[in-house]
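Structural characterization, general
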Amino acid sequence: MEAEVAIQPIAPPEPDLTPDEMIRRARNLVPYLREQGTIMERNRCISDDVNQRMIENGFYRILQPRLFGGYEFDLRTYVETIMELSRGDSAVGWVVGFNAGHAFQAAQLPLAGQIEVFGQDGDFRAPMVSTPFGEAIETPDGYVISGRWNYTSGGEVSNWLGVFVKVPSGSDESAPPDIRVCFIRDTDYHIVDNWHVLGMRGTGSKQAVVENVFVPKERTFSWSKLIEKCEAPGHGVHTNPFYQTPTQPILGTEVSAVIVGVAHAAIDAFIEYAENKQSPFPPFPRLKEERRTHDALGRALAKLEAAKACLYTLADRQMKRCDRVNTDEKFTDEEILMDVVLVQQIAALSIETVNIVYDAAGSSGAREGNLLERVFRDASMIRTHYYLDHSRTAENLGALRLGFKRESYL
């Protein structure tokens, strides 16, 4: 820890808030979020009113260190909360889930950087784009960065942005560049609206543009070292060993908590639809009375239950890693890739859940304005996420098990 930097602890807004209450709040907001979902999809961003409710309920602070105004709840609480928000609206779950999850990344910064980004009141909301679209010029005190980063989810309702940049290795041109994470203020980037897509429109995952912005070293850390060695300058700032566990599973829970919530929303929509749809053919049964509906719903429920079980396993497995921090037992590439393939299985099960009920609903379920139609589009969009490329991960995992090196960290 940097002893020369003075720490002024920040109390969370509700010091006595419990994990159960956090999850309950998210569950109670499901009807409201469904009402707002169509509007946010049309506007292609989270509304200010919805975002303010997310702030007031403390959702962005779920994983944020207690020292800096967060609730520092465990990962199980995080995934259950984000799952419920995503059940209400997938875009809200995505923006809140990712922004809240990135408090873990901010906790990797040096102490001085954490003091700055968490601010005086602990209000920290930051998308983070993990593709190094930008370049950095190193200076004695930091980096001057420029670039364009796509997929800035929630960039219009955040107050920070984490971007990945490539820093040349210097005189050795054959050495790979250092990939660094830089946190910049919302005043140091502007948004270009290029988010015209099939689904997840309400996330506002537009392009952030940065032009010659200076970022001090304390607001950066090496992603390369974090991935390869599980090392970061912020390790040791917090007494909770959670902030020294591997980062990849945290990123995985962000994606998987949302897609499970989306699958749950699909089942909700199908049940409501089945209650009201009537067959145009004699004897004119309602959809809920048909055996094929029972079969489809049963299969969908089974897959959703399996996806949730895998999600909880993923969260619990990461929390158990806290016991290994500061011991000689290292985190291995193979165990991390096992978590990544588990995330991909969660996504596959969730998407299968959506597909089953979407097919069973019939053509009228695909009408614009139907919740099931929007959920189907959102799930189809999520499945394209880079993290969910199972063929790449499977190849890397198989190579490791057979004694070869992996080709990439995913």
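An account of the accompanying structure is given in this report. (Residues numbered from 1 in each chain as written. Predicted model: local features only at pLDDT ≥ 70, side-chain atom pairs only at ≥ 80, totals over all residues. Heavy atoms only, no water.)

**A look at the overall build of the protein**
To keep it simple, the criterion reads: Only DSSP runs of H or I covering at least 4 residues are called helices, and only runs of E covering at least 2 are called strands; the numbering of each starts at the N terminus. Two things to know: the radius of gyration comes from C-alpha atoms, and the globule rule equals 2.2 Å times the number of residues to the power 0.38. For the exposure calls, accessible area comes from a 1.4 Å probe over protein chains only, and a residue counts as buried if that area is under 20% of its type's maximum, exposed if over 50%, partly exposed in between. Contacts between residues were defined by any pair of non-hydrogen atoms, one from each residue, lying within 4.5 Å. In this description, accessible areas are obtained by the Shrake-Rupley approach with a 1.4 Å probe, and a residue is regarded as covered only by the protein chains that are shown.
Each helix and strand counted, the protein has twelve helices and seven strands in total. For 410 residues, the compact-globule formula gives about 22 Å, and the C-alpha radius of gyration of the protein, at 22 Å, lands near that figure. When its C-alpha atoms are laid out on the principal axes, the protein stretches across 80 × 50 × 40 Å. Counting the 410 residues in the protein, one finds 56% classified as buried. Considering only residue pairs separated by 6 or more positions, the protein has 74% of its internal contacts joining residues 24 or more positions apart. Of the roughly 17,800 Å² that the protein leaves accessible, carbon and sulfur atoms contribute 50%.

**Looking at the nonpolar core**
As a reminder, the rule being used: Only buried residues count toward a nonpolar core. Its members are Ala, Val, Leu, Ile, Met, Phe, Trp, Tyr and Cys residues joined through side-chain atoms within 4.5 Å.
The biggest cluster of nonpolar side chains holds 105 residues, and the ones touching the most others in it are Met54, Phe124, Phe183, Trp223 and Ile382. For this core, the leading source of residues is helix 8 (residues 248-276), giving 16 residues. One finds Val129, Trp149, Val167 and Val213 within the second-largest nonpolar core, a separate group that totals 16 residues.

**Re the side chain of Arg324**
Its location among the elements puts Arg324 in the loop between helix 9 (291-320) and helix 10 (333-361). Assessed through its relative accessible area of 15%, Arg324 is described here as buried.

**Notes on empty space enclosed by the protein**
The following threshold applies: The definitions used throughout rest on a 1 Å grid laid over the protein atoms alone, on which a cavity is an enclosed set of points accommodating a 1.4 Å probe that cannot get out and a pocket is an open set flanked by protein within 12 Å on both sides along at least five of seven lines; lining residues are those having an atom within 4 Å of a point. Grid points are joined across faces, edges and corners, and a volume is the space filled by probe spheres set on the points. In this classification, Asp, Glu, Lys and Arg are treated as charged, Ala, Val, Leu, Ile, Met, Phe, Trp, Tyr, Cys and Pro as nonpolar, and every other residue, Gly included, as polar.
This structure, assessed with the given rule, holds four cavities of 30 Å³ or more. Around the largest cavity sit Ser86, Arg87, Gly88, Asp89, Ser90, Val262, Ala265, Leu371, Arg374, Val375 and Asp378, which together line it. Residue contributions to the lining of the largest cavity peak at four residues, all from helix 11 (residues 371-382). Tallied by class, the residues present in the lining of the largest cavity amount to four nonpolar, three polar and four charged.

**Section: the layout of surface pockets**
If a probe the size of a water molecule is rolled over the atoms, the empty space left behind becomes visible. Reported here for the largest pocket is a volume of approximately 610 Å³. Of all the secondary structure elements, the ones that give two or more residues to the lining of the largest pocket are helix 5 (90-106), strand 1 (128-138), strand 2 (142-152), helix 8 and helix 11. Grouping the amino acids of the lining of the largest pocket by side-chain chemistry returns 16 nonpolar, ten polar and one charged. Here the second largest pocket is characterised by a volume of approximately 520 Å³. Looking at the lining of the second largest pocket, the elements with two or more residues in it are strand 1, strand 4 (178-185) and helix 7 (223-229). Among the elements that take part in the lining of the second largest pocket, helix 7 stands out by supplying six residues, more than any other. Per-class residue counts for the lining of the second largest pocket are ten nonpolar, five polar and five charged.

**Focus on the packing of aromatic side chains**
As a reminder of what qualifies: Here a Phe, Tyr or Trp ring, Trp counted by its six-membered ring, pairs with any other such ring whose centre lies within 6.5 Å, and the pair is stacked when the planes are under 30 degrees apart, edge-to-face when over 60, and tilted otherwise.
Under the defined criterion, the tally for this structure stands at eleven aromatic pairs. Taking the centre distance of 5.2 Å and the plane angle of 70° together, the rings of Phe104 and Phe242 count as edge-to-face. Taken together, the positions of Phe104 in helix 5 and Phe242 in the loop between helix 7 and helix 8 put the pair 138 residues apart, joining distant regions of the chain. You'll find Phe104 and Phe242 in the same group, each marked buried.

**A closer look at the pairing of strand 1**
As a reminder of what qualifies: In this description, strands pair whenever DSSP reports at least two bridges between them.
With four bridges joining them, strand 1 and strand 3 (residues 160-167) adopt parallel strand pairing. In the strand pairing of strand 3, Gly134 is matched with Val165. Sheet analysis places strand 1 next to strand 2, joined by four bridges and oriented antiparallel. Counterpart to Glu138 in the pairing with strand 2 is Tyr143. Hairpin connection from strand 1 to strand 2: three residues lie between these consecutive antiparallel strands.

**Here's the deal with the environment of Gln207**
Quick note on the threshold: Definition of a polar contact: a pair of N or O atoms within 3.5 Å, with one able to donate and the other able to accept a hydrogen when the atoms are protein atoms, and with sequence-neighbouring residues admitted only if both atoms are side-chain atoms.
As for its placement among the helices and strands, Gln207 is situated in strand 6 (residues 206-216). Taking relative accessible area as the criterion, Gln207 reaches 10% and is therefore assigned buried. Through-space distance from the C-alpha of Gln207 to that of Glu254 is 20 Å; in sequence the pair is 47 residues apart. Apart from the residues lying within four places of it in its own chain, the contact partners of Gln207 are Arg148, Trp149, Asn150, Thr152, His190, Ile191, Val192 and Asn194. Reaching out from Gln207, the side chain makes a polar contact with the side chain of Arg148 at a distance of 2.8 Å.

**Thoughts on the packing of helix 4 (residues 75-88) against helix 5**
Spelled out, the test is: For helices, the fitted axis covers only the stretch in contact; all axes are lines through C-alpha atoms, and the angles between them, taken along N-to-C directions, range from 0 to 180 degrees. Oblique is the label for every angle not falling under 35 degrees (roughly parallel), over 145 degrees (roughly antiparallel), or within 65 to 115 degrees (roughly perpendicular).
Closest axis-to-axis distance for the helix 4/helix 5 pair is 6 Å, and the angle between their directions is 155°. Overall, the two elements helix 4 and helix 5 adopt an arrangement that is roughly antiparallel. For the pair helix 4 and helix 5, the contacting residues are Tyr78, Ile82, Leu85, Ser86 and Gly88 in the first and Ser90, Gly93, Trp94, Val96, Gly97, Phe98, Ala100 and Gly101 in the second. When grouped by side-chain class, the residues that make up the contact of helix 4 with helix 5 number seven nonpolar, six polar and no charged.

**Here's the deal with the sheet that holds strand 2**
Strand order in the open sheet made by the seven strands is 5-6-2-1-3-4-7, with mixed pairing throughout. Bordering the open sheet on either side are strand 5 (190-192) and strand 7 (220-222), each of which pairs with just one other strand. Shown here is a sheet whose adjacent strand axes are inclined to one another by a mean of 30°, direction ignored. Note that strand 5 and strand 6 share three bridges and pair antiparallel.

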